[in-house]
Amino acid sequence: MEAIRKQASKLREQVARQQQAVLKQFGGGYADSVFADEGEAQQHSKLEKLYISTRAAKHFQRDIVRGVEGYIVTGSKQVELGNKLCDDGKKYGVENTCTSGSTLSRAALSFAKARSLMEKERANLLKAFGTQVAEPLRAMVMGAPLEDARHLAQRYDRMRQEAEAQAIEVSKRQMKLRETSGNGDMISRLEAAESKLQELKSNMGTLGKEAVAAMTAVEAQQQRLTLQRLIAMVESERSYHQRVLQILDQLEREMVSERQRIEGAPPPVIENSMPPPPAYEEVNGIFMRTPTVAELVETVEHFLAEAIQSYRAESETELNLSTGDYIVVRKVKFVNFAFVSNNGWAEGECRGKAGWFPSEFIEKRDRVLASKVAQVF
């Protein structure tokens with residue numbers, strides 16, 4: 001529709017130029033003075049500028065509306081994705097199964113809460129864009145004042161072309177009357193044409209003033225309303241970012257505090273439920289002294305074992321082990337008690353040293369490579 005209007009305007013301009021050329025060629029001095037009024041010329045020029053200005057402003061308003069509508073569509077999708085992320089954070093925070101603490105759960109809940117608040121702010125921003133920017137501008141683009149003013153300008157333009165055509169008609173009749181001995185009929189027709197031309201010029205002047213006033217009012221309204229809506233859009237977005245920044249600052253403080261609490265906490269103490277090994281002298285004493293009747297040795301057994309993990313001795317009575325070491329484990333059975341001991345410790349010899357070590361660090365071996373035997377002694 002806009003393309004058709006542009007084409008029609010271009011055609012009118014071409015017709016007007018052709019009529020002016022005809023006026024200059026056939027109209028003589030009278031034709032040149034038909035539209036020589038300076039006030040009318042200024043009015044016509046101003047109306048043309050107003051028409052161009054309001055059309056450009058209308059297109060700009062329409063572009064803003066389209067851009068805001070696209071932003072709202074995209075933003076609504078982002079709100080949807082943000083709310084999904086919020087739900088995921090809440091779900092993990094509530095259903096946490098971590099066995100080493102609830103730090104991440106609390107962080108997930110804080111993140112979900114902050115994300116929910118941010119998405120609400122985004123939704124409010126999109127709503128403000130729609131109600132405060134897109135709707136008012138769309139109403140003005142499609143509104144009656146602009147269309148009425150443009151119709152007045154178009155009516156003025158058509159009336160001006162009609163007056164130009166009537167001026168050509170008057171000029172022709174004047175030339176014909178001068179070339180021939182005119183009769184009463186020719187004179188009366190000339191007078192009627194001149195009268196019609198004066199009427200058109202008068203109506204054209206009145207209509208031109210109305211069109212200029214209407215277009216001026218519309219132009220002022222366009223400039224004022226568009227600027228107001230742009231300011232409203234900037235203020236809404238600025239307010240949105242300020243509130244989101246406050247939410248993020250609070251979230252960061254909470255999460256950094258949680259991280260500092262974790263990093264500053266002492267390492268967890270692993271309680272060793274295993275009692276210390278018996279004094280090594282006690283065992284040696286059993287072998288060095290003559291046992292009592294109650295302590296008579298029933299059997300003394302030895303077996304080879306391999307260290308399945310390393311062990312660092314914590315006292316002089318204990319034995320250092322490295323993974324893969326072979327140990328001669330001494331299993332002494334007395335009438336009333338036996339070693340390997342019942343308290344989780346075993347006693348044996350490795351690399352020429354004897355001592356205690358946790359029995360769970362070794363596994364019994366029935367066979368040992370000959371090259372490994374030397375390591376034991």
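Residues numbered from 1 in each chain as written. Predicted model: local features only at pLDDT ≥ 70, side-chain atom pairs only at ≥ 80, totals over all residues. Heavy atoms only, no water.

As annotated in an unreviewed UniProt entry, the protein chain carries the name SH3 domain-containing protein and is attributed to Aegilops tauschii subsp. strangulata. Per UniProt, the comment on the protein chain under Subcellular location (unreviewed entry) is "Membrane". (UniProt positions renumbered as here; feature names shortened; annotations may be inferred.)

**Things to note about the overall build of the protein chain**
Summing up its helical and strand segments, the protein chain has 8 helices and 6 strands in all. Counting from the amino terminus, the protein chain carries its helices and strands in the arrangement α-α-α-α-α-α-α-β-β-β-β-β-β-α. Here the protein chain holds 377 residues, and 34% of them are scored as buried. Looking at the protein chain alone, contacts between residues at least 24 apart form 76% of all its contacts between residues at least 6 apart. Accessible surface for the protein chain amounts to roughly 23,600 Å². Of this, 54% is attributable to carbon and sulfur atoms. (Helix = DSSP H or I, 4+ residues; strand = E, 2+ residues; numbered from the N terminus. Buried < 20%, exposed > 50% of the residue type's maximum accessible area, 1.4 Å probe, protein only. Contact = heavy atoms within 4.5 Å. Areas by Shrake-Rupley, 256 points an atom, 1.4 Å probe, with all protein chains shown as cover.)

**Some thoughts on the pairing of strand 5 (residues 353-358)**
Inspection of the sheet shows strand 4 (residues 345-350) paired to strand 5 by 6 bridges, in the antiparallel sense. Bridging across to strand 5, G348 finds its partner in G355. What sits between strand 4 and strand 5 in their antiparallel hairpin is a turn of 2 residues, with R351 showing a positive phi close to 55°. (Pairing = 2+ DSSP bridges.)

**Observations regarding the packing of aromatic side chains**
Applying the stated criterion across every chain yields a total of 3 aromatic pairs. An angle of 50° between the planes, with centres 5.4 Å apart, marks the rings of Y71 and F129 as tilted. Of the two residues, Y71 is situated in helix 3 (residues 38-94) and F129 in helix 4 (residues 103-141); the sequence distance between them amounts to 58 residues. In this structure Y71 comes out as partly exposed when scored by relative accessible area, which is 37%. Judged by relative accessible area, which is 3%, F129 ranks as buried. For the pair Y311 and F361, a centre-to-centre distance of 5.4 Å together with 80° between the ring planes defines the contact as edge-to-face. Taken together, the residues span a long stretch of sequence, with Y311 in the loop between strand 1 (297-307) and strand 2 (326-334) and F361 in the loop between strand 5 and strand 6 (362-364) at a distance of 50 residues. Like F361, Y311 is buried. Chaining the aromatic ring pairs together yields one cluster made of Y311, W345 and F361. The ring of F303 carries K364 above its face, with NZ or CZ at 5.3 Å from the centroid. (Phe/Tyr/Trp six-rings, centres within 6.5 Å; stacked < 30°, edge-to-face > 60°. Lys NZ or Arg CZ within 6 Å of the ring centre and 35° of its normal.)

**Observations concerning the nonpolar core**
Core analysis: the biggest nonpolar cluster contains 22 residues, and L47 and M215 have the highest contact counts within it. Elements with a contribution of two residues or more to this core: helix 3, helix 5 (144-179) and helix 6 (184-264). The element contributing the most residues to this core is helix 6, with 10 residues. When sequence neighbours within four positions are dropped, the list of residues in contact with M215 reads L47, L50, Y51, T54, A149 and R150. (Core = buried A, V, L, I, M, F, W, Y, C linked by side-chain atoms within 4.5 Å.)

**Description of the side chain of D325**
Mapped onto the fold, D325 is located in the loop between strand 1 and strand 2. The class for D325 is buried, based on a relative accessible area of 6%. Within the structure, the side chain of D325 is placed 3.1 Å from the side chain of R351, a separation counted as a polar contact. Among all residues touching D325, those that are not within four sequence positions of it are A305, E306, A307, C350 and R351. (Polar contact = N/O pair within 3.5 Å; in protein donor to acceptor, adjacent residues only side chain to side chain.)

**Observations regarding the packing of helix 3 against helix 5**
Two elements in contact, helix 3 and helix 5, have axes separated by 11 Å at closest approach and are oriented at 145°. Both helix 3 and helix 5 take part in a crossing whose hand is left-handed. Of helix 5, the residues touching helix 3 (which contributes E40, Q43, H44, L47, Y51, T54, R55 and K58) are L146, E147, R150, A153, Q154, Y156 and R160. Residues that form the contact of helix 3 with helix 5 fall into these classes: 5 nonpolar, 4 polar and 6 charged. (Axes fitted to C-alpha atoms, helices over the stretch in contact; angles between N-to-C directions. Left-handed = near helix turned anticlockwise from the far one by under 90°. Nonpolar A, V, L, I, M, F, W, Y, C, P; charged D, E, K, R; others polar.)

**Thoughts on the pattern of salt bridges**
Counting across every chain of the model gives 13 salt bridges. Here K58 and E147 are joined by a salt bridge, their closest N and O atoms 3.7 Å apart. Of this pair, K58 sits in helix 3 while E147 sits in helix 5, and the two are 89 residues apart along the sequence. Of the residues examined, K58 reaches a relative accessible area of 11% and is grouped as buried. Note that R189 is salt-bridged to D185, the shortest N-O span being 3.3 Å. Of this pair, R189 and D185 both sit in helix 6, separated by 4 residues, roughly a single helical turn. Judged by its relative accessible area of 47%, R189 falls in the partly exposed class. Bridged by salt links that share partners, the residues R115, E119 and R122 form one connected network. (Salt bridge = Lys/Arg side-chain N within 4 Å of Asp/Glu carboxyl O.)

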